[in-house]
Amino acid sequence: MSSLTTALSKSAAHFARVSGKDLLARTEDYARWRAARLDAEVWPFSRVLQAAPGPTTVIRDETGREVEGLNFGSHDYLGLSYHPAIRAAAERALRDLGPHVSCSPILQGNTWLSRALEDAIAGLVGMEHVLLFPTGWGAGFGIITALVRPDDHIVMDRLAHASLQQGAQAATRNLHHHRHLDVDATEQLLRDLRAKDAEHAILVISEGLFSMDSDTPDLARLQRVCRAYDATLLVDVAHDLGPLGPGGTGQLGLQGVLADVDLVVGSMSKTFASNGGFLATRSAAVKQYVKAYGGPHIFSSGLSPVQAGVLVEAVRIVRDAEGEARRARVQAVAGALRAACEQRGLPCYGVPSPIVAIPVGSEKVARLAATRLFARGVFAHLVEFPAVPVGAARLRLLGMSEHTEAQARHAAEQVSASIAEARAEVEALQSAA
Ligand SMILES: Cc1ncc(COP(=O)(O)O)c(C=O)c1O
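Everything numeric here is computed off the predicted structure, so don't read it as measured data.

Cut-offs applied
- Residues numbered from 1 in each chain as written.
- Predicted model: local features only at pLDDT ≥ 70, side-chain atom pairs only at ≥ 80, totals over all residues.
- Heavy atoms only, no water.
- Helix = DSSP H or I, 4+ residues; strand = E, 2+ residues; numbered from the N terminus.
- Rg over C-alpha atoms; globule rule 2.2 N^0.38 Å.
- Buried < 20%, exposed > 50% of the residue type's maximum accessible area, 1.4 Å probe, protein only.
- Contact = heavy atoms within 4.5 Å.
- Areas by Shrake-Rupley, 256 points an atom, 1.4 Å probe, with all protein chains shown as cover.
- Pairing = 2+ DSSP bridges.
- Axes fitted to C-alpha atoms, helices over the stretch in contact; angles between N-to-C directions.
- Near = heavy atom within 4 Å.
- Polar contact = N/O pair within 3.5 Å; in protein donor to acceptor, adjacent residues only side chain to side chain.
- Nonpolar A, V, L, I, M, F, W, Y, C, P; charged D, E, K, R; others polar.
- Phe/Tyr/Trp six-rings, centres within 6.5 Å; stacked < 30°, edge-to-face > 60°.
- Parallel < 35°, antiparallel > 145°, perpendicular 65-115°, else oblique.

The number of helices and strands found in the protein is 15 helices and 14 strands. The C-alpha atoms of the protein give 22 Å as radius of gyration, which agrees with the globular expectation for 433 residues (22 Å, within 12%). Referenced to the eigenvectors of the C-alpha coordinate spread, the extents of the protein come out at roughly 65 × 55 × 45 Å. When the 433 residues of the protein are sorted by exposure, 53% land in the buried category. Of the contacts made within the protein by residues no fewer than 6 positions apart, 69% connect residues no fewer than 24 positions apart. As displayed, the protein offers around 18,100 Å² of accessible surface, 53% of which is attributable to carbon and sulfur atoms.

Given below as C-alpha cells:
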C-alpha cells in the first residue's frame, strides 16, 4: 500500500478499541497512522497560530508549512477577540486583580469580576441563577454528572456534543439516543420510559445550534414534551448564544423560550472572546447542588480575572446595538458563503447561521481537499470522526462579522476547486490500484 493510500484510509475510529496488557505500547498503531498522514500532508490538526486569529491570519501546520490566509476557522463569530474594548478590559483586569485566582471557586477562587460575569450571563439568558465552569466542556460534563444517577435515564440527540455524550455515559447506564432533531422520536422514548418507570428522573439533552450541521430542534415543543412526561430539558447553547437571536439570546430568544427551558448550559469560548462555561437555571437549589457536586466546578481553579473581565465586556457588547450590527454582518457574510457554495453545486448542511458545513462524505476526498484548501490560503476545518460519524466527513467554514462578502465568495471558489481536485486525485488513485 502506498504511503498516500495508508494516509487516506482508516479513521480515528479504527484505533479507538485497543487491547493488550501493555497500556503504553498499544498507542503505537495510532501514532504510526498519524505519522503516515503527516508525511502525506493530510493531517490538518493541531495547527499553530502565528498571528492573532482575525479575518486573516498566519498558521503553521505540523509539517512546518506556514501560510498566510483567510481565516474561516475561528469561532469568533462577532470578531470580539480583537475588539479594542475587549483588549482594554483584559488589561484592566490584569492590572486590578492579576493573572490568576490560584484556587477553586468553592474555596476562594472567585473575584468581583466572576460575580459580575454571573450577573451578566443571568441577564443575557433571563435566568436568575448562574454557575461558572472553567470551560463549556466542563460545564456540560459537570452538570450532567452532578444531577443524574445510575438508575435515572438520559434521552439525547445522537449528534449531541462530546461533552454531553461523555457526561451522559459517565452518569447512567440508561442512555437512549434518538434520531437527530426528532422530537416525535423523543416523545415516543419518553412515553415508553414512563410506561415502565415512573420512579426515576429523565434528563433530555439537546443543543440550540448543532455546530457540525448548523441545525436546531424545535425547542418550544421539546420543552412541552418534557413537561408532559415529567422529564427535565437541558439545552447547550454554545454556538447560538451571542451570534444569533434578539440581543444575542440565540435560539432560546428566536424560538420564544428564553427563561423557559429547564436548564441551559453554555460555552463562552466561541463568541465571547475567552474561555469559560456556565449553567443557568431558575432554581437556587439546582445551582447550589451543582456547585457542590459538579466536578469541574469544584475541583478546578476558577476563571482567571482576565478571562472574567473579558467575558463581562463581551456580554455587554453582545447585548447592545453594536452586537446587533455585528450579528447582521456575520449573517450577511455566512449567507454569501453559503450561496456561493450552493451556486457551485455544493449544498450546505442545515439552515443559515455563521456555521457553513459542506458535505463531502469520503474521508479520502475530504482530507485531500482540506490540504489543497490550506495551500490556497483558506483556513477551514476538516471534520471527520470522532466529531462526526465515519463516512460523513465535511469541510466546515465559520463566518466572522469582520469578513467581507467578497472574502466569503473567494473562499467558496477555493473550496469548490479543492474538492474537485481532491475527487479527481482519489479517482486516479483508485483506478491505479
Ligand atoms: C455544543 C458544545 N458544547 C460545549 C463545547 C465546549 O466548549 P469549550 O470550548 O468552552 O470547552 C463545544 C465546543 O466545541 C460545543 O460545540
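Still more ground to cover, so stick around.
A few words now on the sheet that holds strand 11 (residues 355-361). Here 3 strands make up an open sheet; going across it, the order is 11-14-13 and the pairing antiparallel. Pairing within the sheet leaves two strands with one partner each, and these edge strands are strand 11 and strand 13 (381-383). Sheet twist, expressed as the average angle between the axes of neighbouring strands with direction ignored, equals 25°. As judged from the 6 bridges shared by strand 11 and strand 14 (residues 393-398), these two strands associate in the antiparallel manner. By the bridge assignment, Ile358 is partnered in strand 14 with Leu395.

Let's shift gears to the pairing of strand 9 (residues 263-267). Of all 5 residues that make up strand 9, 5 are buried, and the element is covered over most of its length. Both faces of strand 9 are covered, namely the face carrying Leu263, Val265 and Ser267 and the face carrying Val264 and Gly266. Relative to strand 9, strand 8 (residues 232-236) runs parallel, the two being bridged by 3 bridges. Residue pairing across strands places Asp236 opposite Val265, the latter belonging to strand 9. Where strand 9 lies against strand 10 (residues 277-281), 5 bridges are found, and the strand directions are antiparallel.

Right, let's get into the site of the ligand. As a matter of local geometry, the ligand sits amid 14 residues, with Gly136, His239, Ser267, Ser269 and Lys270 nearest to it. In this structure, an oxygen atom belonging to the ligand sits 2.7 Å away from a main-chain N or O atom of Gly136. At a separation of 2.5 Å, an oxygen atom of the ligand approaches a polar side-chain atom of Ser269. Relative to its unbound accessible surface of 400 Å², the ligand loses 84% to contact with the protein. Its residues placed into classes, the shell around the ligand shows 2 nonpolar, 9 polar and 3 charged.

Following the criterion strictly, the structure yields 8 aromatic pairs and no others. Where Tyr30 meets Trp33, the ring centres are 5.8 Å apart and the plane angle is 50°; that geometry is what we call tilted. Note that Tyr30 and Trp33 are positioned in helix 2 (residues 28-39) at a spacing of 3 residues, about one turn of the helix. By relative accessible area, Trp33 is classed as buried at 5%.

Further remarks concern the packing of helix 5 (residues 136-147) against helix 10 (residues 284-293). Here helix 5 crosses helix 10 at 100°, and the two axes come no closer than 9 Å. By the angle between their axes, helix 5 is roughly perpendicular relative to helix 10. Contacts from Ile143, Ala146 and Leu147 in helix 5 reach Tyr289, Val290 and Tyr293 in helix 10.

In this chain, Phe385 is followed by Pro386 through a cis amide linkage whose omega measures 10°. Assignment of secondary structure puts Pro386 in the loop between strand 13 and strand 14. Its identity as a non-glycine residue notwithstanding, Ser214 has a phi of 50°, on the positive side. Relative to the helices and strands, Ser214 resides in the loop between strand 7 (202-207) and helix 8 (219-228). What makes Ser214 buried here is its relative accessible area of 0%.

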